[in-house]
Structures are given as C-alpha cells and as structure tokens.
Amino acid sequence: MYPGLRPVGRPRRSTTEETLSQYQPATVTGWKVRLRYTKRDRLRFASHRDLTRVFERALRRAGVPLAYSRGYSPHPRISWAGTAPTGVASEAEYAELRLEREVPVETLRNELRAALPEGLDVAEAVPAGAGSLEERLLASRWWLELDGVAPGETSEALCRLLSRDSVEVERVTRKGRRVLDVRAAVVSADSVDPTEYGVHLDAVRDRHSVDAPHTDDCPDRARQYGIIVMVVRHTTPVVRPDDVLNALRVVADLPVPGVARATRLAQGRLDEGGAIADPLAQDRAAAGSRQVGSTLG
Amino acid sequence: MVTGSWLNSGVRRGTVVPVRHPVATLWHVPVESVYPRLEPLLPHVSKPVQYVGGEPNATVKDWDETTVRWCLMYPDAYEVGLPNQGVMILYEILNEQPGVLAERTYAVWPDMEELMRRHGVPQFTVDAHRPVAAFDVLGVSFATELGYTNLLTALDLAGVPLRSRERTDEHPVVLAGGHAAFNPEPVADFVDAVVLGDGERAVLEITELVRRFKAEGRPGGRERLLRRLAEHGVYVPGFHEVTYRPDGHIERVRPTREGVPHRVFKRTTTDLDEWPYPKQPLVPVAESVHERMSVEIFRGCTRGCRFCQAGMITRPVRERSKRGVEDMVRRGLEATGFEEVGLLSLSSADHSEIGEITKGLADRYEGTNTGLSLPSTRVDAFNVDLANELARNGRRSGLTFAPEGGSERIRRVINKTVSERDLIRTVSTAYASGWRQVKLYFMCGLPTETDEDVLRIATMAKEVVRAGRSASGRRDIRCTVSIGGFVPKPHTPFQWAAQADPDTVDARMRALREEIGSDRELGRRIGVRYHDGKPSLIEGLLSRGDRRVGRVIERVWREGGRFDGWNEYFSYERWVRAAAEVLPPLGVDMDWFTTRERTRDEVLPWDHLDSGLDREWLWNDWQDALQAREQEDCRWTPCFDCGVCPTTGTDIEMGPSGRPLLPITPVRDGSPVPNTAFDTPSGDR
Ligand code: SF4
C-alpha cells in the first residue's frame, strides 16, 4: 500500500448482471449453454457477487472460450437466474453462458467442475434451446431446518400459516421497506419429523431433491429440530426462506432461531399437480435428448 | 464431490479434514475442526464467506502426517490479508515441504469476535478451521504497525497468553516478520521471536530447528528452543535486556544469555528466479482489496528516497529475469484465472528489462481480457510510454505520478529528484497521448518543510491542468492530488527526524485547499484527497517506539482498540489517553517518541537490529537531506557505500538477463489459458 494511505471502505469493481435474454439478437454471434449448478457446504455463505467472481475465474482457468461484451470494460456474457441468498444452499441454481463457439458440453462440464472450488459444482450443462430460461424458473422447492423447534410445533405452526388467506411480513430491500404476502406465495408446505426417519433423513431429502444433497448440509441428529419441505412461487420481490420463518413467527409464537438452514432443492415451472418441472427438459430434448449425466463424481 | 487432478498439487484442496483423534503430542491439545461450532455463528456476522476458507489453491494437509505445523497470520481483515504476497509465498513454500503443514488465519471483525467469545470459539485457521493454539509456530506478518492490536485479539481469542514470558511449552512460538518487524520493540513483550528481512530461507531453517527439537523430545522446553533460534540468527527479544537512563533515553541493549549474538542481521533472498513463488496464488472467494494476481518482478530499490523504509531495508536490488517473470505470469494465470496481473515491486518501471516484459505480455494476452498493471512512482516520459503499452487495448483513464514533495527544494531533501519543468513535460505527454486524468501523490509533514513547500502543490496542480488542456486541446482535464502524512521510519535517514505535529499538518492542508480553491475555474478540475494528521502521529509512535510503548498498545487494546488501519475503528483519543496514562510514569510521553528530533549519539531502540545500512552512512545522508543534497542511484552510478552489500554478502542482481524470451504465441480465445480439451470438433463425443 502506498505509504501513509490506508484502506478506506472497499473500492470495488461492479459485476454486471445481465438479464436472461429471450432470443439472441441477430448481431451477436456465439453459442449458448445452460447450466444447473449447486452451492453447498461452506460456499453457501458466498454472496451472488462472490459466486459470479468465482465462476468467471474458474471459466478462465478452465480455458473455456467465453464470449465477452464489447466496449471499454468487457465482461463475460453470463446470465444469472435469480440466485439463492447468502447463507442459503442450493441444489438447483441456473445460469446461461455465451461462448465464442460451440464446445462439447460434457467437456465443458468436466473442465469447469475441475476448476471450481468444492461446494460449487456443475450438475448439468445443456445447449440452450429456444425460449427463455428465466421464464421457466417460476417456483422453488425448499428444505428448511428449524434448529431447536420440535417437529410437532413445526407442523402446528405450518397448519396455522396455511389456514390463513394472507400473512404479511416486512423486509428491507435495496428499494426500501417492502411488505410481502408470504401466504400467497406458498403453494404447499409439509413438516417432516426427522425422528421418524432416523438415519434415513438423507434419503427423505433425496426424494425431494433433483440431486443427492451433501451430508454436510444436514443438521446434527442429536438435536431437536423441525423440518419443512415447501414449494414457494417466485413473486416480486421474491419470498425467501427467512420471510417464511418470519411469517411462522407471526402466526405462531414459534421460538424460531434467527436464521434457519435452508436449501433450494429444485426450481422450475409449477405443473398442474403442484410439482416442479425440470426447466432444462426442453433444451435437452432440443439438443437431441442426449442428457448430460447428473451423477456426482 | 469434485475430484481429479488439481493442477499438480499433491494434496486435497479446500476440504476440512476432520481429525477424529486428539493428537498424542506433548501439547495435549485435541486438534479438531472448530467449524461445527463456528458455522452456527456465520449467518449472524457480516460477510461470513471470509471465514470459511476453501479458496482455489488453498491447501489442507492431514494433521497427523506432519510434524512441524505453522499458522501464518496477517493481522488485518481477510480482504486485506489474503492478497498479501509475503503470507502467500511462505504458505506455499512450507506446504511444499513433506511433513510440514501451514494454514492461515486473519483478524476477525468485532462482530465475529464478540460471538466467538460468547460461544467459546477460539481463533481458528480458515484452511481446516483448526485452533491456532495447536500449532507449533504462529508466524505473524506485520506490513504496518497498525496491526499490533489485532495481534493481541488473535492471541487472546486463541487462548495464548499475551506476554511471551507467560507462555509455556504448550503454546506456539509467536514469530513476527514483515517490514514493521525491523523495529519490533513496541511488541517485544508479545512476540517470542522475530525474523528480519526475507522469509523464504528463514522459515525453512526454523522449520528444521523445530523438527529436530521435537524429534529429540523437546529437551529444555520452550527456553531451549528459543535459544536455538537465537543462536541461528533469529531475534528473541526476551534474550535482550534494555536498560534506561534517568532521562528516559535507552542506556544499552544487551543479550542476557550466553551464545545469543549482540546484533541480529536481516535475511536476504538472492536469485529470485530460484524462488518463483507464489506458483499457485490463492484466489479469494470473498472480495479483497486487490482483485488481481501479483508477480514480484524485483525486490529492493536504490533510488534512495529518504522517507521510504521499504526501499532502505530491502537493498540491494535483485531482479527476476524477464523469462522468470513471463513463466510466473503464465503459470499463475493457469492456476488462478485472474483478470489482471500486477507486476509488483517498489518501482516497477525501474526493472532493466521492463519494456520487453510489458510488450511481450501485452502481445501474448491481447484479446484475452487480461489486464496488466504495474505500480510506479517515476515521473518521466518512460513511465508514460509504459502506461500507453499497458493500456493499448483499454480506456486511458487515470495515470499516477509521485513527485512526493511540492517544491524542488523539498524534493531534494527527500531525494525524489524531479524538476517542475520535467514533471509538467511528462504530464503533458500523458494528456497528449489520450490520458484524461492524472493523479499526483504527495506527502505533508516532511523534515524542513515550510508552508511554502506545501502551497507549491497547488501551483503545480494548476499548472498540470493548464498544460493538460493545451497538450490535449480539451477542457475536461482532471488532476487529483493525494496527500499522505509523513511518518519517520526506523532504518531510514529520517529516523532521527522530528515528526510534524498533527496541528501543523492539518493547518498546511487547510491552506493548500484554500489555495487550490482560490482559482475557482481551475480549482474545480482538481480533486484533493487527504487523511487528517492524527493517525500518522500514532503510526509514528508505533514505528519509532521502544518496549515501553508496548504498554500503550496493551492498554488501547484492553479498552477496545481494534483494526487501527481502518478509519471507522481507529480512535485517536483512545491512543492519546492511553499514552498519557502509561508513558509519563516511565519518564517519557507521546511527544518524546514522535515530534522530538533524535541526536547522533542517542541509542535508538532498533540499533541492535542490522538492516545492513551503515549507521554512519545513514547519518551522513540525514545531514545531506538537511542541506538539500541529492544522492544518486547505485544501479546506474558507482556504489556509494551504504553498507548493505558487504554486510549481507550480496550484490546487485539485474539484467540484461540474457535468457531468451518466450516465443510469443498469442492466446486469444476469451481466456488467458489455452485448453486443448476444447479443440475437439464440436458436438458431444
Ligand atoms: S552497498 Fe553499494 S551497491 Fe550495495 S546497495 Fe549500498 S550503495 Fe548500492
């Protein structure tokens, strides 16, 4: 550091966030690929900006022929679909990359996985088909662990929440104080009693998840805790796991811990039965039904 | 999870290796990851990702398979500490050794400290979240003195007694290094040992001593280990006694154990090409202050700026060859994927082959969105040429020059020789070649400085804007003036100087602002950045203090002092109050350490610590400064006998290196790293 000068505040470059474009403008060349990636373990504490930085460097390290925007400060053409908040794990995050040319998706996935730090993993890579990815990400299935709350209390509180027509909570966003109707966004919510499943808890979660969750994300079994599996519609602003916790505090006097562990298990469009449809299914079909394996190495 | 080769490192990266069984050593410390206890705290602190580790290129080794274990600390926040080159270099050198493990720890922010205290979580490493107290050596790198209170927090959170003499065989050896450690006396009570100078070889020697000591069954315990370190040239403050005269001056400093040398000499790493570290720089997940990869292109500087401690204590100049630099850039980018490479040194434009190096790198990485930067304080046309080369594909936004002093007289005092005419000519060249903003660095509070010298900065800044307008033909020219308070440092000719008191400095700054604003039209084009003079005074107390200042540090820390390098945490009043309470009973005070000029015969607290500079030469250079007499650079003129080369058994190492340039194969594929895996025809196999 320059003598006599000290770090003041945090000068930062800004990470440009593109919105997912529906169609490629005719002037832009290149090839688009869509990724499902995970955010697990310690890296659940990474913010969206942290993740974009880590991803961009991993892509460069892996030698991926990324396309960059033009202009004085070119940035890589990556579109991030609404990412899980800091502290929240996910098995189903989505991004779209634009490369300078087509590459084998399997190679892309493998090279990128080797370059990413543990916790971030590319579960699927599929050449982008027609249509917008963002428009398919309309709801999430969440797994919420309430430390120190008995399963009975949890299900009781859920019943109360679901029996209401509307439960409003406040959240301070960048645009100021916003009131969210949590009840309106919750499509379904069930309480899972971990004691009923004993050591097979992982298996329970696996049934709900597109991928096997990592064991580090599971709580200490010796402690009392309630578990909620719920489907939440993406509203604006989006209802996050802590908003649901706050709503539970409103309807029931739950001694809910400040922050619960939360994991996004799946994201996609809601089908008729309230289940979540795979948002990459169309792309996969278009790419010749050659699905890239989603097994973990 | 992700497996497979990780850039030829033979160890697992970024994983917590749970150590299930307490290690059976004499320490009897169960070494388990504290992560399960830490994790519940993370959602409640700001930027939790800084505490989780797992960065690309981080190393985690099995505890039980190693015998010498280092914990390396940078005593500031993670975002400042992670990019630190010193820690990164030693971390990698140590982890390359079989049987040796090194992990990192950083200062935790007060919100985290409070939670750790409440929940009994000890100071931990970010690599495997092991408790710091379990390591053999806690190596602390002090780039500045403002990390001293953070050291105390870390020791306390680790459960290690603050004072060296209260530690037992169960505690790590607390070892200080870094530039501030050239006067470690203010923290002499808190550290066990100090290494002066370059750490590369020193850490390996210390490792060997610790390994042998443990293999022998720790004969003689902690005292004996420290004796062995002292006998091998490590400074152990506890083995040196300081006595004081009734007037508060130091009477003498002498060793209290047989076999402990009187003087301690600095270490010098030679042939930088042999030490191409870091080979795999750490890539932070959290935001950090330097979002780039650094390659040190040379060490040392003999321009002889009299205020610059770094330049004085790192002599002589040792260059890395151009081939060595290019190799490090290529390997580093392959290992990190960074978007920018910084060519680091004290004055990078002075590398004898810098022109070829920058041209070669700019050609190779053109079209890969990889930026190049280099810090340089030179004020000449060559600097502009270099900057043009570095920015040939990007926007020419801002260019920095460091005249350091406002008037030609004061620039001769500090030996930063540049005439105002040359400066204006250089700046005009910069504006003419498309740069729109020029930033000028200055210091205020320099020895012999008058109000006139400082007001001259205003004249210069206005002249710069005028020259810029006529050179570029545009009116939207900007000039930023950035001014730091001068702090006299040990091992420099100004070590005898009186520090200017904050009121004088602040008054000169006010006058300067008024002077700049007096011409409203030009004044609007000139930005002034200045930090008030108070923090500099405390930095001065810590820089030139002796062991008595240690009590002030401890008092400040007990009253909540943390993160003194951060304006939002630094409290001038707390330091002044503590100094006023602690020092007068010892016959000294704040002014005695800061604004008092020292005499030739006075025993300075660091006189027994040898940076290689001849004390007589330093004194003469100080006298030359007072006469505004300049000193040349020994790289281009004959040796002026500063004493460093003969004392340290070294010599200037510089180009031409005669090694061939890398063939310049432009990469150009959106990424600086060519990967043949993507060369296969498209479509899935
Ligand atoms: S001893 Fe001579 S050559 Fe060596 S650094 Fe000093 S002045 Fe330069």
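Reading the values: the criteria
Residues numbered from 1 in each chain as written. Chains lettered and ligands numbered in written order. Predicted model: local features only at pLDDT ≥ 70, side-chain atom pairs only at ≥ 80, totals over all residues. Heavy atoms only, no water. Helix = DSSP H or I, 4+ residues; strand = E, 2+ residues; numbered from the N terminus. Buried < 20%, exposed > 50% of the residue type's maximum accessible area, 1.4 Å probe, protein only. Pairing = 2+ DSSP bridges. Contact = heavy atoms within 4.5 Å. Axes fitted to C-alpha atoms, helices over the stretch in contact; angles between N-to-C directions. Domains from an automatic or database assignment. Buried area = accessible area lost by both parts, 1.4 Å probe. Nonpolar A, V, L, I, M, F, W, Y, C, P; charged D, E, K, R; others polar. Salt bridge = Lys/Arg side-chain N within 4 Å of Asp/Glu carboxyl O. Polar contact = N/O pair within 3.5 Å; in protein donor to acceptor, adjacent residues only side chain to side chain. Phe/Tyr/Trp six-rings, centres within 6.5 Å; stacked < 30°, edge-to-face > 60°. Parallel < 35°, antiparallel > 145°, perpendicular 65-115°, else oblique. Left-handed = near helix turned anticlockwise from the far one by under 90°. Core = buried A, V, L, I, M, F, W, Y, C linked by side-chain atoms within 4.5 Å. pLDDT = per-residue confidence, 0-100.

Q: Is there a simple way to think about unusual backbone geometry in this case?
A: Leaving glycine aside, a negative phi is the common case for residues, and trans is the common case for peptide bonds. Residue B:Y277 is joined to B:P278 through a cis peptide bond whose omega torsion reads -10°. Summarising the element assignment, B:P278 is placed in the loop between strand 8 (264–265) and strand 9 (293–296). Backbone torsion omega between B:G655 and B:P656 reads 5°, so that peptide bond is classified as cis. By the element assignment, B:P656 lies in the segment after helix 22 (644–648). Look at A:D41: it is not a glycine, yet its phi comes out positive at around 50°. Of the residues examined, A:D41 reaches a relative accessible area of 8% and is grouped as buried. The backbone of B:N57 sits at a positive phi, close to 80°, despite the residue not being glycine. When its relative accessible area of 6% is taken as the criterion, B:N57 is described as buried.

Q: Just checking my understanding: could you explain the sheet that holds strand 2 (residues 100–106) of chain B for this structure?
A: Sheet strands associate in pairs through backbone hydrogen bonding, adopting either a parallel or an antiparallel arrangement. All names here are of chain B. The five strands lie next to each other as 2-1-3-4-5, forming an open sheet whose pairing is parallel. Bordering the open sheet on either side are strand 2 and strand 5 (193–194), each of which pairs with just one other strand. Direction of pairing for strand 1 (residues 68–74) relative to strand 3 (residues 137–141): parallel, over a ladder of four bridges. Bridge assignment links L72 to a residue of strand 3, and that residue is G139. Against the sheet, helix 3 (residues 85–96) makes contact with strand 1, strand 2 and strand 3, and its axis sits at roughly 155° relative to strand 2, the strand it touches most. Each of strand 1, strand 2, strand 3 and strand 4 (173–177) is contacted by helix 6 (residues 200–215), which is oriented at about 140° to strand 1, the strand it contacts most.

Q: I'm lost on the domain arrangement of chain A in this one. Help?
A: Quite often, the size of an interface is put as the accessible area lost when its parts meet. Residues and elements named next belong to chain A. Partitioning chain A into structural domains gives domain 1 (15–135) and domain 2 (139–209 + 220–268). The partner domain 2 presents 10 residues to the 12 residues of domain 1 that form the contact. Taking both sides of the interface into account, the surface hidden between domain 1 and domain 2 amounts to around 840 Å²; carbon and sulfur atoms contribute 49%. It is P85, V88 and E91 in domain 1 that bury the most area against domain 2; as a group they hold 40% of the surface buried on that side. In terms of residue class, the side of domain 1 that touches domain 2 is built from six nonpolar, three polar and three charged.

Q: In this structure, what is going on with the domain arrangement of chain B? I would like to understand it.
A: Residue and element names in this part refer to chain B. Parsing chain B into structural domains produces domain 1 (6–265) and domain 2 (292–394 + 613–685). Each partner contributes to the interface: domain 1 provides nine residues, whereas domain 2 provides 12 residues. Together, the buried faces of domain 1 and domain 2 total about 850 Å²; carbon and sulfur atoms form 51% of this surface. Together, Q85, H179 and D198 form the three largest contributors to the area buried by domain 1 at its contact with domain 2, with a combined 48%. Counting every contact that joins domain 1 to domain 2 gives three salt bridges. Close ionic contact of D198 with R318 constitutes a salt bridge, the shortest N to O distance being 2.8 Å. Counting the contacts that link domain 1 with domain 2 gives four residue pairs in polar contact (both at pLDDT 80 or more). Classifying every residue of the side of domain 1 that touches domain 2 by side-chain character gives four nonpolar, three polar and two charged.

Q: Even after reading the chapter, I still don't get the sheet that holds strand 16 (residues 478–485) of chain B, so can you show me in this structure?
A: Residue and element names in this part refer to chain B. The parallel open sheet is built from four strands, whose spatial order is 14-15-16-17. Looking along the sheet, the strands with just one partner apiece sit at the ends: strand 14 (398–404) and strand 17 (526–530). Each strand axis lies, on average, 20° off the axis of its neighbour in the sheet, ignoring direction. Sheet analysis places strand 16 next to strand 17, joined by five bridges and oriented parallel. Paired with C479 across the two strands is I526, which belongs to strand 17. Its contacts with the sheet put helix 14 (residues 451–472) on strand 14, strand 15 (437–444), strand 16 and strand 17, and the angle it makes with strand 16 is roughly 160°. Sitting on the sheet, helix 15 (residues 502–517) touches strand 15, strand 16 and strand 17, and the angle it makes with strand 17 is about 170°.

Q: Can you help me understand the packing of aromatic side chains in this one?
A: Pairs of aromatic rings are described using the distance from one ring centre to the other and the angle between the two planes. Residue and element names in this part refer to chain B. Taken as a whole, this structure holds 17 aromatic pairs over all chains when the rule is applied. Judged by centre distance (6.3 Å) and plane angle (45°), the ring pair of W275 and Y277 falls under tilted. Exposure remark for Y277: the relative accessible area of 9% places this residue in the buried category. A ring pair is formed by W496 and W619, whose centres lie 4.9 Å apart and whose planes are at 85°; its orientation type is edge-to-face.

Q: Help me understand the packing of helix 18 (residues 549–558) of chain B against helix 19 (residues 572–582) of chain B in this model?
A: A pair of packed helices is characterised by two quantities: the angle between their axes and the separation of those axes. Residue and element names in this part refer to chain B. Between helix 18 and helix 19, whose axes approach to 9 Å, the crossing angle comes to 130°. On the basis of their axis angle, the class for helix 18 and helix 19 is oblique. For the crossing formed where helix 18 meets helix 19, the hand is right-handed. Across the interface between the two elements, R551, V552, I553, R555 and V556 of helix 18 pack against R574, W575, A578, A579, E581 and V582 of helix 19. Tallied by class, the residues present in the contact of helix 18 with helix 19 amount to seven nonpolar, no polar and four charged.

Q: Would you take a moment to explain the nonpolar core for this structure?
A: It is characteristic of soluble globular proteins that their nonpolar side chains tend to be buried jointly. Grouped together as the largest cluster of nonpolar side chains are 175 residues, with contacts concentrated most on A:F55, B:L42, B:W70, B:F494, B:V552, B:I553 and B:W575. If near-sequence neighbours (up to four positions away) are discounted, B:L42 is found in contact with A:F45, B:Y35, B:P48, B:Y51, B:V52 and B:M112. By size, the runner-up hydrophobic cluster in this structure holds 36 residues, among which are B:Y431, B:I457, B:A461 and B:I477.

Q: How should the packing of helix 14 of chain B against helix 15 of chain B be read in this particular structure?
A: Residue and element names in this part refer to chain B. Where helix 14 contacts helix 15, the two axes come as close as 9 Å, and the packing angle between them is 30°. Compared by their axis directions, helix 14 and helix 15 come out roughly parallel. Classified by chirality, the crossing of helix 15 by helix 14 is right-handed. Between helix 14 and helix 15, the contacting residues are D451, V454, L455, I457, A458 and K462 on the first element and R508, A511, L512, E515 and I516 on the second.

Q: Help me understand the side chain of B:R635, please; the structure alone is not making it clear to me.
A: All names here are of chain B. Tracing the backbone through its elements, the reader meets R635 in the loop between helix 21 (615–626) and helix 22. Among the residues examined, R635 registers a relative accessible area of 9% and is labelled buried. Side-chain polar atoms of R635 contact the side chain of T302, separated by 3.3 Å. When near neighbours in sequence (up to four residues on either side) are disregarded, R635 contacts F298, C301, T302, R303, V317, D350, I652 and M654.

Q: Got a minute to help me understand the environment of A:A123 in this structure?
A: All names here are of chain A. Take A123: it is sitting in strand 4 (residues 120–127). Looking at A123, the relative accessible area reads 0%, which means it is buried. Taking the C-alpha atoms as reference, A123 lies 8.6 Å from E91; in sequence the two are 32 residues apart.

Q: Help me understand the confidence of the model for chain B, please; the structure alone is not making it clear to me.
A: For residues with low pLDDT, the predicted coordinates do not support detailed interpretation. Residue and element names in this part refer to chain B. Overall, the prediction assigns chain B a mean pLDDT of 90, with 92% of residues at 70 or greater. Taken together, the stretch residues 1–29 has pLDDT below 50 and engages in 68 contacts with residues farther than four places along the chain or on a different chain. Two numbers describe this predicted complex: its pTM, 0.89, and its ipTM, 0.87.

Q: Please explain helix 5 (residues 148–158) of chain B as it appears in this structure.
A: Along an α-helix, residues three or four apart share an orientation, since each turn contains 3.6 residues. Residues and elements named next belong to chain B. Most of helix 5 is tucked away, with 10 of its 11 residues classed as buried. All of the buried residues in helix 5 are Y148, T149, N150, L151, L152, T153, A154, L155, L157 and A158. One or two steps after helix 5, the chain reaches G159, where phi turns positive at roughly 80°.

Q: Looking at this model, I keep getting lost on the confidence of the model for chain A. Mind explaining?
A: Residue and element names in this part refer to chain A. On average, residues of chain A carry a pLDDT of 80, and 75% of them reach 70 or more. Across chain A, the element-wise mean pLDDT spans from 58 in helix 6 (residues 201–208) up to 96 in strand 1 (residues 31–39). Note on residues 1–27: pLDDT is under 50 here. Beyond four places in sequence and across chains, it has 64 contacts. Here residues 289–297 is a poorly scored stretch, pLDDT under 50, and it has 24 contacts once near neighbours within four places are set aside; other chains count.

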